[in-house]
Amino acid sequence: MKILVTGATGYIGKRIIPLLLDQGHTVFCAVRGKLRTEKKYSDEDNLHVIEADFLKSDTLKNIPKDIDAAYYLIHSMSNSVDRFHKMEEDCAINFKNYIETTNVKQVIYLSGITNDTKLSKHLLSRKNVEETLKSDHYALTVFKAGIIVGSGSASFEIIRDLVEKLPVMVAPKWLNTKTQPIGVRDVLAFLIKGLAKPELYNTSHDIFGTEIMTYKQMLLQFSEVRKLKRYIFTVPVMTPKLSSYWLYFVTSTSFKLASSLVNSMGIEIIGETSNINRLLNVQPMSYKEAVKFAFVKIEGNEIISSWKDAFINSRHKKQASTKYLKVPKYGCFIDIKERNVLDEKRTLDKIWAIGGENGWYYGTVLWKIRGFLDKMVGGIGLRRGRTNKTEIKIGDALDFWRVLLADKDEKRLILFAEMKLPGEAWLEFKVAKGKVYQRATFRPRGLWGRLYWYSVLPFHGFIFKGMINKLANA
């Protein structure tokens, strides 16, 4: 079959594409910018990358008309609470209007469980998208999941941060809310096996794991898997805002995402039983099994996708989708350094492993202080780390940077700063003709931007000089 996958750079999208290819399908990935797709995609004969932004209906003409089915995996969890509902609705309307002009027979949509009478804004939006996608021209199949447990998922990483950092937790009362988590492997099994099944046309099914449990029980069972003794005490006095700050300061999530999660976590997410498990022959694993499988991937450094990499900051969407990427020069402060290298390959490998647990090779304490200060003013700090210890791709989160370009053939890496700044910043590395080049670029915003640059200049001189010396002698 010819299958369209939307949300192809997202957490589920990245994982479903190889499964569809393994089954012999031809896959069309719809992305905002081709630069964000993995380089290995160009080696796949049955994989085609299409630039399409579902907020802009005129860009959808690139999608072929002769596709047979489509996966709708577009979500806006991290966007502004005031805007995401409208954005999700606009995306669904534009998708539906165009897909109705194609040969598509089935659209599969992954949504959230929405059985509670009181729903969060995000779950209400998911429900609205489901209604919007219904059509007389194609069949809609909806799978509704709650908490998805897998390496790199937002819920998994938040629970991991809490369990591994806090021996004793004084936590909000919503930790007693009941939910029904499901392993990411099982979610993918439902999505794949639901394809081209006429009996599932125009139906909606809740998909969930084997246990109904509270968030507190999830944390405690997670700690059992990790062989850690943890104590949790819930208090009724934490407001949603305090709860959001609690998640924000302890975990790697952004404050906006923390706020969205807190608003959702006060609502029970319990699935309604149906015959879908028997119909598709999927027997979901337990929560503990899902956690164990996740750590198998983590320990093998085989994380396929991460929620951190799926989100791209609005300040540099344009840069991430530009065909020819150029770091600005005019109106910028620029620090350029170069060194002769002993071994180009070793230097390039070290550049490709920079950040996260590997650190920044020089002035580690200063990097940590900068991350702490960023966190104190509402930034993301260094908490995100990196998804893979040795590999890096366009769109990846890298501590408080975002990867805009990672081309090993050109021996060039460009990072864009996502920390709180009075301006915009880029950090670029390149290896060529026996030298390594390092360029830090800062485009200030107003007087404060210029004062900021001069105030950190002594530290930059110290850190950047030490860093390039370490890279040159890798």
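Scope of this entry: the structure provided in the associated data block. Keep in mind that this is a model prediction, so the values were computed, not measured.

Quick look at unusual backbone geometry now. The phi angle at Lys 227 is positive, at roughly 60°, despite the residue not being glycine. Inspection of the secondary structure assignment puts Lys 227 in the loop between α6 (215–225) and β13 (231–235). Its identity as a non-glycine residue notwithstanding, Asp 399 has a phi of 55°, on the positive side.

Applying the stated criterion to the full structure yields 3 cavities of 30 Å³ or more. Taken as a whole, the largest cavity holds about 110 Å³ of empty space. Ile 147, Ser 155, Ile 158, Ile 159, Leu 162, Trp 174, Leu 175, Tyr 215, Met 218, Leu 219, Leu 247 and Met 265 together form the lining of the largest cavity. Taken together, the elements giving at least two residues each to the lining of the largest cavity come down to α4 (154–165) and α6.

Closest axis-to-axis distance for the α4/α6 pair is 10 Å, and the angle between their directions is 70°. Our classification of the angle between α4 and α6 gives roughly perpendicular. By crossing handedness, the relation of α4 to α6 is classed as right-handed. Between α4, through Phe 156, Ile 159, Arg 160, Leu 162, Val 163 and Glu 164, and α6, the contact on the second element is made entirely by Met 218, Leu 219, Phe 222 and Ser 223. Classifying every residue of the contact of α4 with α6 by side-chain character gives 7 nonpolar, 1 polar and 2 charged.

Moving on, we get to the pairing of strand β19 (residues 435–444). Taken across its 10 residues, β19 has 7 buried, putting it largely inside the fold. Pairing of strand β14 (residues 333–340) with β19 involves 8 bridges; the strand directions are antiparallel. Across the sheet, the residue bridging to Lys 337 is Gln 438, located in β19. Here strand β18 (residues 423–432) runs beside β19; their pairing, made up of 10 bridges, is antiparallel. Paired with Val 431 across the two strands is Val 436, which belongs to β19. In this antiparallel pair of consecutive strands, β18 and β19, the connection spans 2 residues, and Lys 433 shows a positive phi of 50°.

Structurally, the position occupied by Arg 384 is in the loop between α14 (364–376) and β15 (397–398). A polar contact is formed between the side chain of Arg 384 and the side chain of Glu 418, at a distance of 2.8 Å.

Okay, the nonpolar core next. Trp 360, Trp 401, Leu 413, Leu 415, Leu 427, Phe 429 and Met 467 are the most contacted members of the largest nonpolar core, which totals 38 residues. Looking at this core, the elements with two or more residues in it are α13 (344–352), β16 (401–407), β17 (412–417), β18, β19 and α15 (446–472). Top element by residues in this core is α15. It accounts for 9 residues. Leaving out residues up to four positions away in the same chain, Phe 429 has contacts with Ile 351, Ile 354, Lys 411, Arg 412, Leu 413, Leu 415, Tyr 437, Gln 438, Met 467 and Leu 471.

Right, let's talk about the sheet that holds β15 for a bit. On the basis of which strands lie adjacent, the open sheet formed by 6 strands has the order β14-β19-β18-β17-β16-β15 and antiparallel pairing. Edge strands, defined here as strands with exactly one partner in the open sheet, are β14 and β15. Bridge count for β17 against β18 is 5 bridges, and the pairing is antiparallel. Bridge pairing links Arg 412 to Lys 430 in β18. Across the sheet, α15 touches β14, β18 and β19, and the angle it forms with β14 is around 5°.

About the cut-offs
- Residues numbered from 1 in each chain as written.
- Predicted model: local features only at pLDDT ≥ 70, side-chain atom pairs only at ≥ 80, totals over all residues.
- Heavy atoms only, no water.
- Helix = DSSP H or I, 4+ residues; strand = E, 2+ residues; numbered from the N terminus.
- 1 Å grid on protein atoms, 1.4 Å probe; cavity = no way out; pocket = protein on both sides within 12 Å on 5 of 7 lines; lining within 4 Å.
- Points joined across faces, edges and corners; volume = space filled by probe spheres on them.
- Axes fitted to C-alpha atoms, helices over the stretch in contact; angles between N-to-C directions.
- Parallel < 35°, antiparallel > 145°, perpendicular 65-115°, else oblique.
- Left-handed = near helix turned anticlockwise from the far one by under 90°.
- Contact = heavy atoms within 4.5 Å.
- Nonpolar A, V, L, I, M, F, W, Y, C, P; charged D, E, K, R; others polar.
- Buried < 20%, exposed > 50% of the residue type's maximum accessible area, 1.4 Å probe, protein only.
- Pairing = 2+ DSSP bridges.
- Polar contact = N/O pair within 3.5 Å; in protein donor to acceptor, adjacent residues only side chain to side chain.
- Core = buried A, V, L, I, M, F, W, Y, C linked by side-chain atoms within 4.5 Å.

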